[in-house]
Amino acid sequence: MATATVRGLSMNYTEAGAGAPVVLLHGFPFNHSMWRGQVEALRHTHRVITPDLRGHGATSVTSEAATMEEMAQDVAALLDQLEVERATFGALSMGGYVTLAFCRLFPQRVRALILADTRPHADTNEARANREAMAQHALAEGMAAIAETMLPKLLAPATLNDQPEITARVREMILNTQPEGAAAALRGMARRRDQTSLLPEILAPTLIIVGSEDALTPPADSELMHREIRGSQLVVIEGAGHVSNIERPTEFNDALTKFLRALEVR
Ligand code: MLT
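What counts, and where the lines are drawn
Residues numbered from 1 in each chain as written. Predicted model: local features only at pLDDT ≥ 70, side-chain atom pairs only at ≥ 80, totals over all residues. Heavy atoms only, no water. Helix = DSSP H or I, 4+ residues; strand = E, 2+ residues; numbered from the N terminus. Buried < 20%, exposed > 50% of the residue type's maximum accessible area, 1.4 Å probe, protein only. Contact = heavy atoms within 4.5 Å. Salt bridge = Lys/Arg side-chain N within 4 Å of Asp/Glu carboxyl O.

S.K.: How would you summarise the overall build of the protein chain if you had to cite specific residues and measurements?
M.R.: In terms of helices and strands, the protein chain carries eleven helices and eight strands. Taking the principal axes of the C-alpha coordinates as reference, the protein chain spans close to 50 × 40 × 35 Å. Taking all 266 residues of the protein chain together, the buried fraction comes to 56%. Considering only contacts within the protein chain whose residues lie at least 6 apart along the sequence, 77% involve residues at least 24 apart.

Set out below in structure tokens:
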């Protein structure tokens, strides 16, 4: 684990392996540890960097809304410090929102994209109101209450019922998030722009992955991204929910490593 001072934040990240850089951006309200299985799968062939986004893990909490653009700029500043000019970005859910913001801000820094269980749309007014209610709930009641509300939406029913160690791992990440960090991310996500119009402009090779049981960003969102991003590939992981990389690591890593291997010959 390492720490860098970027844009006034103390930013926590891990780095493993050597080779072409791959940056993995976690979802809400998780941290870099969600990528453990992917770091293990890639560290022998790639330089894998997994930051904790602002307000998550051991990275500083900011009291304002943490917008997707702020988080994208944090990642860019971290990569500047690590002397990484261009990388492949792999991201799940909120990490995907941050990655799309990154693509708009710094398209030349994106070698390739893996967009997992995410979507390009902005929130509806109803979703924004729900985020604000959830932010206040987190601040008033703490993250245990958030974990109980979120877990049934994050994981496929079969994962929840039959895989207690996965449920415990996801719960622990949520409990390790500070309520102030979660509230700032919720307010930032509520303000995010619609990125649908960006999709046809993405020229980087793109792999889209989604769990067939993803209740938060359902397969239809991934199908839309697949239609709009030229030449993209879509992999649907049967039986996985929203946290497909943890729920079905073998299938997820197969898709990831095949995609990265194909990039080497392009
Ligand atoms: C995530 O997994 O990052 C969040 O569920 C995304 C969201 O709430 O939109």
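S.K.: An account of the pattern of salt bridges is requested, with residue identities and associated values reported.
M.R.: Under the defined criterion, the tally for this structure stands at eleven salt bridges. Arg7 is the partner of Glu70 in a salt bridge, and the nearest nitrogen-oxygen pair spans 3.1 Å. Of this pair, Glu70 sits in helix H2 (residues 68-81) while Arg7 is found in the loop between strand S1 (2-6) and strand S2 (9-16), placing the two residues 63 residues apart along the sequence. Owing to a relative accessible area of 40%, Arg7 belongs among the partly exposed residues under this scheme. For Arg131, the salt bridge goes to Asp123, with nearest N and O atoms at 2.7 Å. A cluster of three or more residues bridged by salt bridges with shared partners is formed by Arg7, Arg54, Glu70 and Asp74.

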